[in-house]
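Residue-level structural notes
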Amino acid sequence: MQAIRSILVVIEPEHSESLALKRAKLIAGVTQAHLHLLVCDKKHDHAGMLSVLKAALLADGYSVTTEQAWNESLHETIIDVQQAEGCGLVIKQHFPDSSLKKALLTPADWKLLRHCPTPVLLVKTSTSWKDRVILAAVDVGNADGEHRHLHTTIIDHGYDIASLAKGYLHVISAHPSPMLSAADTTMQLSETIEARYREQCRAFQAEFDVDDAHLHIEEGPADVLIPFMAHKLKAAVTVIGTVARTGLSGALIGNTAEVVLDALESDVLVLKPQEVEDHLVELTVKH
């Protein structure tokens, strides 16, 4: 996160307080990143508001530019501007859709998480990050190359946020429940599954400098356990990753990051492995 030079901040004109801008100012205050404020609007009716925001930010010492744009849909507009401006992070306030709307339409924020080549911070709360827990969710049981790179990215960003917020990094890893039909006998008993995970976690802890008090290994589905642990620890930010499962075409519907989005009470930073980011850039350029 320290390497991010430019941040795209999505401004929602109908909401008086921009929580996305609040987080962007916190990050840019530490990293000195440039802020590019975007209103996604067909009519371009918000020049006055953007001018006022820009003047206030410049007076506070921030580097800032503004833009109004629209291209087909909200997520496509955001990604087009992110690519054009070379922004290394997108910050947007999350507004949950109703269950009925979600059943009929893929939520715009899900599409943004799937298709945006850069990290996306979805802001859900106005609560300060200061002195709070930052929760990083990893899948220690998956040690393939793509997951290992993603783990490194998740933990690095977790430490960065904890540092700028003067908070504390905790890590959660969920392991599967026992399956009596499993061919591998170690997967048939809770005790042997947890023992195997503990063993894998020891190497992970040594690599990323995470002690026992800050590592939480739980049995069950990640989309249930991550929000549970975030609530229990009163986490300010939850850092999670998405891994494309079908030919790098982007995260599938139902990906953990999407499922937990509305369940989490914290802000959510969603990251992707480098090869997925590169592929999404290619798709964006072709589009």
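None of these values were measured; they are calculated from a predicted model.

The next point concerns the overall build of the protein. On a plain count of helices and strands, the protein comes out with ten helices and ten strands. A burial count over the protein gives 49% of its 287 residues as buried. When contacts within the protein are restricted to residue pairs at least 6 apart in sequence, those whose partners lie at least 24 apart make up 76%. A total accessible area of about 13400 Å² is found for the protein, and carbon and sulfur atoms account for 54% of it.

The subject of this paragraph is the packing of aromatic side chains. Tallying each qualifying case throughout the model produces one aromatic pair. Judged by centre distance (4.8 Å) and plane angle (50°), the ring pair of Phe 204 and Phe 208 falls under tilted. In this pair, Phe 204 and Phe 208 are both assigned in helix 7 (residues 190-208), four residues apart and thus about one turn of the helix distant. Comparing Phe 204 with Phe 208 shows no difference in burial state: the two are buried.

Spacing of three or four residues puts side chains on the same side of an α-helix, whose turn is 3.6 residues. Taking 1.5 Å per residue, 13 residues should reach 18 Å; helix 2 (residues 47-59) reaches 18 Å between its end C-alpha atoms and fits that length. Among the residues trailing helix 2, Gly 61 stands out with phi positive, at a value near 95°.

The next thing to look at is the confidence of the model for the protein. When pLDDT is averaged across the protein, the result is 84; 81% of the residues are at 70 or more. The low-confidence segment residues 245-254 (pLDDT under 50) makes 23 contacts with residues lying over four places distant or belonging to another chain.

Judged by how many residues are buried, strand 9 (residues 237-241) sits mostly within the fold: four of five residues are covered. Taken together, the five bridges between strand 9 and strand 10 (residues 267-271) define a ladder with parallel strand orientation. Bridge pairing in strand 10 links Val 239 to Leu 269.

With that settled, the discussion passes to the side chain of His 151. Among the structural elements, His 151 can be located in helix 6 (residues 145-164). Exposure remark for His 151: the relative accessible area of 6% places this residue in the buried category. Here Asp 139 takes part through its backbone oxygen, which lies 3.1 Å from a polar atom of the side chain of His 151. Excluding its chain neighbours within four sequence positions, the residues that come into contact with His 151 are Val 138, Asp 139, Val 140, Asn 142, Phe 204 and Phe 208.

Strand-to-strand pairing in sheets goes through backbone hydrogen bonds, with the strands running parallel or antiparallel. As summarised here, the arrangement of the ten strands in space is 3-2-1-4-5-10-9-6-7-8, forming an open sheet in which the pairing is mixed. Edge positions in the open sheet fall to strand 3 (64-69) and strand 8 (215-219), since each of these has one partner strand only. Averaged over neighbouring strand pairs, the angle between their axes works out to 20° when direction is ignored. Taken together, the three bridges between strand 1 (residues 6-10) and strand 4 (residues 89-93) define a ladder with parallel strand orientation. For Ile 7, the partnering residue across the bridge sits in strand 4 and is Leu 89. The sheet strands contacting helix 1 (residues 19-31) are strand 1, strand 2 (34-40), strand 4, strand 5 (120-123) and strand 10, and the helix crosses strand 4 at an angle near 145°. Here helix 5 (residues 108-115) sits on the sheet in contact with strand 4, strand 5 and strand 10, set at roughly 160° to strand 5.

Now for the pattern of salt bridges. On inspection of all chains with the given rule, the structure shows six salt bridges. In this structure, Arg 148 and Glu 207 form a salt bridge, with 3.3 Å as the shortest nitrogen-oxygen distance. Here Arg 148 is found in helix 6, whereas its partner Glu 207 is found in helix 7, with 59 residues between them in sequence. Three or more residues are tied together by salt bridges with common partners; here these are Glu 12, Lys 92 and Asp 109.

What counts and what doesn't
- Residues numbered from 1 in each chain as written.
- Predicted model: local features only at pLDDT ≥ 70, side-chain atom pairs only at ≥ 80, totals over all residues.
- Heavy atoms only, no water.
- Helix = DSSP H or I, 4+ residues; strand = E, 2+ residues; numbered from the N terminus.
- Buried < 20%, exposed > 50% of the residue type's maximum accessible area, 1.4 Å probe, protein only.
- Contact = heavy atoms within 4.5 Å.
- Areas by Shrake-Rupley, 256 points an atom, 1.4 Å probe, with all protein chains shown as cover.
- Phe/Tyr/Trp six-rings, centres within 6.5 Å; stacked < 30°, edge-to-face > 60°.
- Expected span 1.5 Å × (residues − 1).
- pLDDT = per-residue confidence, 0-100.
- Pairing = 2+ DSSP bridges.
- Polar contact = N/O pair within 3.5 Å; in protein donor to acceptor, adjacent residues only side chain to side chain.
- Axes fitted to C-alpha atoms, helices over the stretch in contact; angles between N-to-C directions.
- Salt bridge = Lys/Arg side-chain N within 4 Å of Asp/Glu carboxyl O.

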